[in-house]
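Coordinate analysis (summary)
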Amino acid sequence: MLNIVLFGPPGAGKGTQSQKLIARYNLVHLSTGDLLRSQIAQGTELGLRAKKLMDEGLLVPDEVVIGMIESQLAGNTGVAGFIFDGFPRTVPQAESLDALMQRYDTGVSCMIALEVAEEELVKRLLERGKTSNRTDDQDETKIRKRVTVYNTETAQVAGFYAAQHKFHALNGIGGIDEIFQQICTIIDQHQA
Ligand code: B4P
């Protein structure tokens, strides 16, 4: 199986690149942000809890997102692999993902991190906030809070995969297709 973790700060291009990657490699896209937004849209108790945290730019508790990923993995057996978009965001989430993948005799193939400076992230997310209904993209202070949470709580996940020799970093500033080609080169080297 080909299991890719797409990593980077909010607005780095994870969701954008995931859409292109699922088409190229026939993978299942698992975005914890999308799964949480679907819970919010359905008005579930989990969704109501998550919305408060997401609107504040904070992370949703590990057990909530791990539980969502666990049920997605169980519901998608026999597939070519997965793109994990926005997950794992903490070291305990990364440890849980390894344990869950072992159940299916597989593991994370590689992590690809998109590196983008804060000013560009803020610019992109405010731009998206003008047309999307994502309330977390409409307030600059809260966007900056998400970037701070990324730097303090999420960035260390890179070290987890670096220790396993699975970490690759890319400059996430540039044309969407140009960045996509660079991601594909890394993935193809893993498959070779
Ligand atoms: P996510 O849904 O993961 O959202 P995101 O990181 O903010 O951005 P995304 O990755 O989708 O956007 P993209 O860069 O593609 O998370 C939302 C919230 O959910 C989190 O803050 C947290 O509260 C919660 N959550 C999610 N997962 C969690 C977890 N595992 N644990 C705990 N909490 C969790 O694109 C952004 C914009 O940039 C787009 O408009 C795009 O068009 C543009 N763009 C992309 N690439 C570009 C490029 N190369 N050049 C110019 N613009 C570009």
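Residue indices follow the written sequence of each chain, beginning from 1 at its first position. Selection of residues for local features in this predicted model requires a pLDDT of at least 70, selection of side-chain atom pairs for listing and counting requires 80 or more, and totals for whole chains, interfaces and linings are taken over all residues.

A look at the environment of Q181
Think of it this way: any DSSP run of H or I at least four residues long counts as a helix, any run of E at least two long counts as a strand, and we number them from the N terminus. Counting through the fold element by element, Q181 comes out in helix α9 (residues 176-191). The sequence separation of Q181 and Y25 amounts to 156 residues, and the corresponding C-alpha distance is 13 Å.

A closer look at the site of the ligand
In this text, near has one meaning. A residue is near a molecule or strand if its C-beta atom, placed using the backbone, is within 6 Å of it. With respect to spatial proximity, 30 residues lie near the ligand, and among them P10, G13, G15, G33 and G86 are the closest. At the level of secondary structure, the elements contributing two or more residues to the shell around the ligand comprise α1 (14-25), α2 (32-42), α3 (45-55), α6 (118-131) and α9. Under the grouping applied here, Gly and all other residues not named as nonpolar or charged are polar, the nonpolar ones being Ala, Val, Leu, Ile, Met, Phe, Trp, Tyr, Cys and Pro and the charged ones Asp, Glu, Lys and Arg. In terms of residue class, the shell around the ligand is built from 13 nonpolar, 11 polar and six charged.

Quick word on the UniProt feature "binding site: ATP" (unreviewed entry) in the protein chain
UniProt positions are given in the numbering used here, feature names are shortened, and annotations may be inferred rather than shown by experiment. The sites that UniProt annotates as "binding site: ATP" (unreviewed entry) are G11, A12, G13, K14, G15, T16, R128 and G174. Relative to the helices and strands, G13 is located in the loop between β1 (2-7) and α1. With C-beta atoms placed from the backbone, a residue is labelled by how many other C-beta atoms lie within 10 Å of its own: buried for 20 or more, exposed for 12 or fewer, partly exposed between the two. For G13, a count of 23 C-beta atoms within 10 Å translates into the label buried. Tracing the chain through its elements places G15 in helix α1. Residue classification places G15 among the partly exposed residues on the basis of 17 C-beta atoms within 10 Å. Not counting residues up to four positions away in its chain, the partners in contact with G15 are S31 and D85. Contact between two residues is assigned when their C-beta atoms, built from the backbone, lie within 7 Å.

Considering helix α4 (residues 62-74)
Taking 1.5 Å of rise per residue, 13 residues should cover 18 Å, and α4 covers 18 Å from first to last C-alpha, within 8% of that figure. Regarding α4, the residues found buried are V65, I66, M68 and I69. Down the axis of α4, the buried side of the element spans an arc of 160°, and every buried residue falls inside it. The outward face of α4, more than 90 degrees from its buried face, is lined by the exposed residues E63, S71 and A74. Packing partners of the buried residues in α4 comprise β2 (28-31), α2 and α5 (91-103). An expected span of 1.5 Å times one less than the residue number is assigned to each helix. Here, the arc refers to the directions that run from the helix axis to the C-beta atoms.

So, the nonpolar core
Only buried residues count toward a nonpolar core: Ala, Val, Leu, Ile, Met, Phe, Trp, Tyr and Cys, linked into one set through C-beta atoms within 7 Å. Judged by nonpolar contacts, the single largest core of 41 residues is most densely connected at V5, I83, F84 and I112. Contact partners of V5, with chain neighbours within four places excluded, come to F84, V108, M111 and Y161.

A look at the sheet that holds strand β3 (residues 81-85)
Should DSSP find at least two bridges between two strands, the strands are taken to pair. On the basis of which strands lie adjacent, the open sheet formed by five strands has the order β2-β3-β1-β4-β5 and parallel pairing. Across the chains shown, the open sheet's two edge strands, defined by having one partner strand only, are β2 and β5 (167-171). Sheet twist, expressed as the average angle between the axes of neighbouring strands with direction ignored, equals 20°. By the bridge criterion, four bridges tie β1 to strand β4 (residues 110-115) in an arrangement that is parallel. Note on β4: the bridge partner recorded for L6 is I112. To define axes, lines are fitted to C-alpha atoms, for helices over the stretch in contact only, and angles between the resulting N-to-C directions are given on a 0 to 180 degree scale.

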